[in-house]
Amino acid sequence: MEEKIRSKSNFIRDIIDKDLLEGKNNGRVHTRFPPEPNGHLHIGHAKAILVNYSIAQDYNGKFNLRFDDTNPIKEDEEYVNAIINDIKWLGADWENRLFYASDYFDEMYDYAVQLIKVGKAFVDSQSAEEIRRNRGTVTSPGVNSPFRDRSIKENLDLFEKMKNGEFKDGTHVLRGKIDMASPNMLMRDPLMYRIRHAFHHRTGNKWCIYPMYDWAHGLEDSLEGITHSLCSLEFQAHRPLYDWFLLELGVHKPQQIEFARLNLNYTVMSKRKLLELVEENLVSGWDDPRLPTLSGLRRRGFTAEAIQNFIQKVGVAKAHSVVDYALLEHSIREVLNKTAPRVMSVLNPLKVVITNYPEGQAEEIDAVNNPEDPDAGTRKVPFSKELYIEREDFMEDPPKKFFRLAPGREVRFRYAYFITCNEVIKDENGEIIELHCTYDPASKGGKSPDGRKVKATLHWISAAHAIDAEIRLYDRLITVPDTNNLKEGKTFKDFINPNALKILQNCKLEAHLAEAEVGFRCQFERLGYFCVDNDSTAQKPVFNRTVTLRDVWAKLQKK
RNA sequence: UGGGCCGUCGACAAGCGGUAAGUCACAUGGUUUUGGUCCAUGCAUUCGGGGGUUCGAAUCCUCCCGGCCCAACCA
């Protein structure tokens, strides 16, 4: 227990511990996840969600889901549904606290009027271009807007007219009146409202002015009684402004705390790149199993638990970092090793004829469902004269460390018998098409009574009893660790792994897998973890490879 | 360059003045009817660099070096 708390230690929890000790917020802890519904969630969002949710949980607090829908031209209902679905799946529970920024538009308007009345906000009628020019640069101060000293009465009047739709887009904005010479660019009279005659997916045509992020976000947090507003590092410079608005209004002020977002190597995570892949049909959709989207990972076979564990392992800090993809792979293997039933499937079949086995006979072999879970029990697997093994499990001229089947060599067929290869049958092109082997009837179950040892145990499947399936093998999306600093003229699309998806047909599966439901996960022994894809039917099963098993032999081969 | 933030093993990351946790990766050995799992062992005499304070510094001070963010009517 103590160890677990220690492993979770991070600077945000330190801050909260201190707040609690000092009696801040009456001991309340309340966090939130505030996505803009303008795209799909990915593994990076999972960190934001889980960091907020787990803190709320561990401190007996509350966690809200809030859509930050303040920009109607970028947002859509389609995204809110997808996001809700993904977060539910991930396991974060907002109970009955699902909110929308748009629910607060009336209150935000009233607060803006309040700010105008105390002379802290004004209507600016400069063009976007003029505003940009007058903002100055990071090294030189900006200059005041010529409209900065309008009377409160005039500001009130203009702002109301903005709301009433009397002006065209871009003609006026509402601005906070702070300091055009501030070294913090965000404090140079920040925009609070812009005119946008656009249909909003929730408020329809009720509004034609929409609040900007900095004005809206703190208010949303404040209105919901959020105590700790956790966000990513790039909002650090926004904090003084977040505080300024709430202090001027004299309302509850949550504490904004920033942490580093998650980066993963060998993939892409930016909204722009993901969108490009989807729109240019370089992947099949947002849930393409090659993508790091939550829907993609789900379809790939990841469990929510694996992602939760992964985020836990990654930790929370302020230093920019890139997490190794191998850690994600480890997280899913760890879960599936304990839970996934084992099954024997042959992906790249090579026929084996057991010459001394009776023609037309078949027998049932007992096979263990999951050696990690005694309760998983056993099943019967048919064995017969004609079998398939993996092509890679036979070599006519094996190198030193190859332990598997070869001419004259004896191996174990898992749970079945010791098998010896006697003859290699080839077609006219010299291609190996069949192996003739003999079995040792005394070795039934895979043990030889004389104590004879074999160096390899192979998986196999009875040819007559197997069903055919399509198997989709997935690998990392990108061939280089980082696509953010590429050589000139190169884009991330030049580094898409052509082998990120490999489709295999006529793979041989145990017959009962025809009935497996979409999403069913299992281990194909010695190959990896697989799950049933959405495209699967009983007539044509389709499985996705979630991740391979760790493979020492593959490593040796690379050397 | 003005402002803000960050730099601890190949990758994450604890550490909060008392002498460098843990995880992944990697390596070696053992167990094994999955070259899986599991187990054991190894993997930072040193914390971006220099100087200082101190009996004692990754932790405090100071200077330097390197990286990231901010000049959308995006969030």
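Residues numbered from 1 in each chain as written. Chains lettered and ligands numbered in written order. Predicted model: local features only at pLDDT ≥ 70, side-chain atom pairs only at ≥ 80, totals over all residues. Heavy atoms only, no water.

Here's the deal with the overall build of chain A
Summing up its helical and strand segments, chain A has 14 helices and 24 strands in all. Taking the principal axes of its C-alpha atoms as reference, chain A extends roughly 100 × 55 × 40 Å. Put simply, 71% of the contacts in chain A that link residues at least 6 apart link residues at least 24 apart. Carbon and sulfur atoms make up 49% of the accessible area of chain A, which amounts to about 26300 Å² in all. One way to put it: in chain A the 79 positive side-chain charges average out to a point 4 Å from where the 83 negative ones average out. (Helix = DSSP H or I, 4+ residues; strand = E, 2+ residues; numbered from the N terminus. Contact = heavy atoms within 4.5 Å. Areas by Shrake-Rupley, 256 points an atom, 1.4 Å probe, with all protein chains shown as cover. Lys, Arg positive; Asp, Glu negative; His and termini not counted. Charge placed at Lys NZ, Arg CZ, Asp CG, Glu CD.)

Comments concerning the protein's contact with RNA strand B
Among the 73 residues in the neighbourhood of RNA strand B, the closest are listed as S9, R196, R342, R404 and G445. Looking at RNA strand B alone, sugar and phosphate atoms form 66% of those within 4 Å of the protein. E36 places a side-chain nitrogen or oxygen 3.5 Å from a sugar or linking oxygen of RNA strand B. The contact in question runs from a sugar or linking oxygen of RNA strand B to an N or O atom on the side chain of Q236, over 3.2 Å. If you list the elements that add at least two residues to the surface near RNA strand B, you get α6 (128-134), β6 (191-195), α12 (304-314), α13 (325-339) and α14 (552-558). Grouping the amino acids of the surface near RNA strand B by side-chain chemistry returns 27 nonpolar, 20 polar and 26 charged. (Near = heavy atom within 4 Å. Polar contact = N/O pair within 3.5 Å; in protein donor to acceptor, adjacent residues only side chain to side chain. Nonpolar A, V, L, I, M, F, W, Y, C, P; charged D, E, K, R; others polar.)

Re the sheet that holds strand β10 (residues 342-343)
The strand order across the open sheet built from six strands is β10-β22-β23-β24-β20-β21, with neighbouring strands paired in mixed fashion. Whereas interior strands pair on both sides, the edge strands pair on one side only; in this sheet they are β10 and β21 (501-509). Sheet strands in contact with α13 are β10, β22 (521-524), β23 (528-532) and β24 (542-548), and its direction is about 115 degrees off that of β24. (Pairing = 2+ DSSP bridges. Axes fitted to C-alpha atoms, helices over the stretch in contact; angles between N-to-C directions.)

Things to note about the pattern of salt bridges
Going through the model one piece at a time under the given rule, you end up with 48 salt bridges. In this structure, E154 and R150 form a salt bridge, with 3.7 Å as the shortest nitrogen-oxygen distance. Here the salt bridges share partners, and the residues they tie into one network are D287, R299, E470, R472, D533, D535 and K540. (Salt bridge = Lys/Arg side-chain N within 4 Å of Asp/Glu carboxyl O.)

Quick word on helix α4 (residues 77-90)
For α4, spanning 14 residues, the distance from its first C-alpha to its last is 20 Å, which sits close to the expected 20 Å at 1.5 Å a residue. Among all positions in α4, only Y79, V80, A82, I83, I84, D86, I87 and L90 are buried. Regarding α4, its N-cap is D76, as a side-chain oxygen of that residue lies 2.7 Å from the backbone nitrogen of E78 further along. Count one or two residues on from α4 and you reach G91, which has phi positive near 105 degrees. (Expected span 1.5 Å × (residues − 1). Buried < 20%, exposed > 50% of the residue type's maximum accessible area, 1.4 Å probe, protein only.)

Structural notes on a positive patch on the surface
Together, K401, R550, K555, K558 and K559 make up a positively charged patch on the protein surface. By the element assignment, K401 lies in the loop between β14 (386-390) and β15 (410-413). (Patch = residues over 30% accessible without salt bridge, like charges linked within 9 Å, V, L, I, M, F, W, Y side chains within 5 Å.)

Points about the packing of helix α3 (residues 43-58) against α12
Here α3 crosses α12 at 75 degrees, and the two axes come no closer than 10 Å. Regarding the angle of α3 to α12, the classification is roughly perpendicular. Contacts between α3 and α12 pair I43, A46, K47 and L50 from the former with I307, Q308, F310, I311 and V314 from the latter. Split by residue class, the contact of α3 with α12 holds seven nonpolar, one polar and one charged. (Parallel < 35°, antiparallel > 145°, perpendicular 65-115°, else oblique.)

Quick look at the pairing of strand β8 (residues 228-232)
Of all five residues in β8, five are buried, a share of seventy percent or more. Judged by which residues are buried, β8 turns out to be covered on both faces: H228, L230 and S232 on one side and S229 and C231 on the other are all buried. The sheet contact formed by β8 and strand β9 (residues 255-259) spans five bridges and is parallel. Its bridge partner lying in β9, S229 is registered against Q256. Remark: the β8/helix α9 (residues 239-249)/β9 crossover connection has right-handed handedness. (Right-handed = clockwise from strand over helix to strand, strands pointing away.)

Topic: the packing of helix α5 (residues 105-117) against helix α8 (residues 213-223)
As a packed pair, α5 and α8 sit with axes 11 Å apart at the nearest point and diverge in direction by 115 degrees. Looking at the two axes, α5 sits roughly perpendicular to α8. Here α5 runs over α8; the crossing is right-handed. Here E107, M108, Y111, A112 and L115 of α5 come into contact with α8, specifically with W215, A216, L219, E220 and L223. When grouped by side-chain class, the residues that make up the contact of α5 with α8 number eight nonpolar, no polar and two charged. (Left-handed = near helix turned anticlockwise from the far one by under 90°.)

Brief notes about the environment of N370
Looking at the secondary structure, you find N370 in the loop between β12 (362-368) and β13 (378-384). Between the alpha carbons of N370 and N337 there is a distance of 8.6 Å; along the sequence they are 33 residues apart. At 3.5 Å, the side chain of N370 and the backbone oxygen of A340 are in polar contact. Polar side-chain contacts of N370 include one of 2.8 Å to the backbone nitrogen of E372.

Some words on the confidence of the model for chain A
A residue-level look at chain A finds 99% of positions with pLDDT of 70 or above and a mean pLDDT of 96. Considering only residues more than four positions removed or in separate chains, one finds that residues 1-6, a stretch of pLDDT under 50, has zero contacts. If you check the scores for this complex, the pTM reads 0.96 and the ipTM reads 0.97. (pLDDT = per-residue confidence, 0-100.)

Quick word on the nonpolar core
I49, I87 and I307 are the most contacted members of the largest nonpolar core, which totals 40 residues. Among the elements that take part in this core, α3 stands out by supplying seven residues, more than any other. When residues of this core are assigned to domains, at least three map to each of domain 1 (2-261) and domain 2 (271-341 + 469-558). Excluding its chain neighbours within four sequence positions, the residues that come into contact with I87 are F33, L41, I49, L65, A92 and W94. Counting 33 residues, the second-largest nonpolar core is a separate cluster that includes I116, L158, W215 and W244. (Core = buried A, V, L, I, M, F, W, Y, C linked by side-chain atoms within 4.5 Å. Domains from an automatic or database assignment.)

Let's talk about the sheet that holds strand β1 (residues 30-33)
Within a sheet, each strand pairs with its neighbour through backbone hydrogen bonds, oriented either parallel or antiparallel. In space, the three strands of this open sheet follow the order β1-β2-β3, with parallel pairing throughout. A strand with exactly one partner marks an edge of an open sheet, and here the two such strands are β1 and β3 (98-100). Neighbouring strand axes in the sheet, compared pairwise and without regard to direction, differ in orientation by 35 degrees on average. Looking at chain direction, β1 and strand β2 (residues 62-67) are connected through four bridges and run parallel. Opposite H30, over in β2, you have K62 as the bridge partner. The sheet strands contacting α3 are β1 and β2, and the helix crosses β1 at an angle near 160 degrees.

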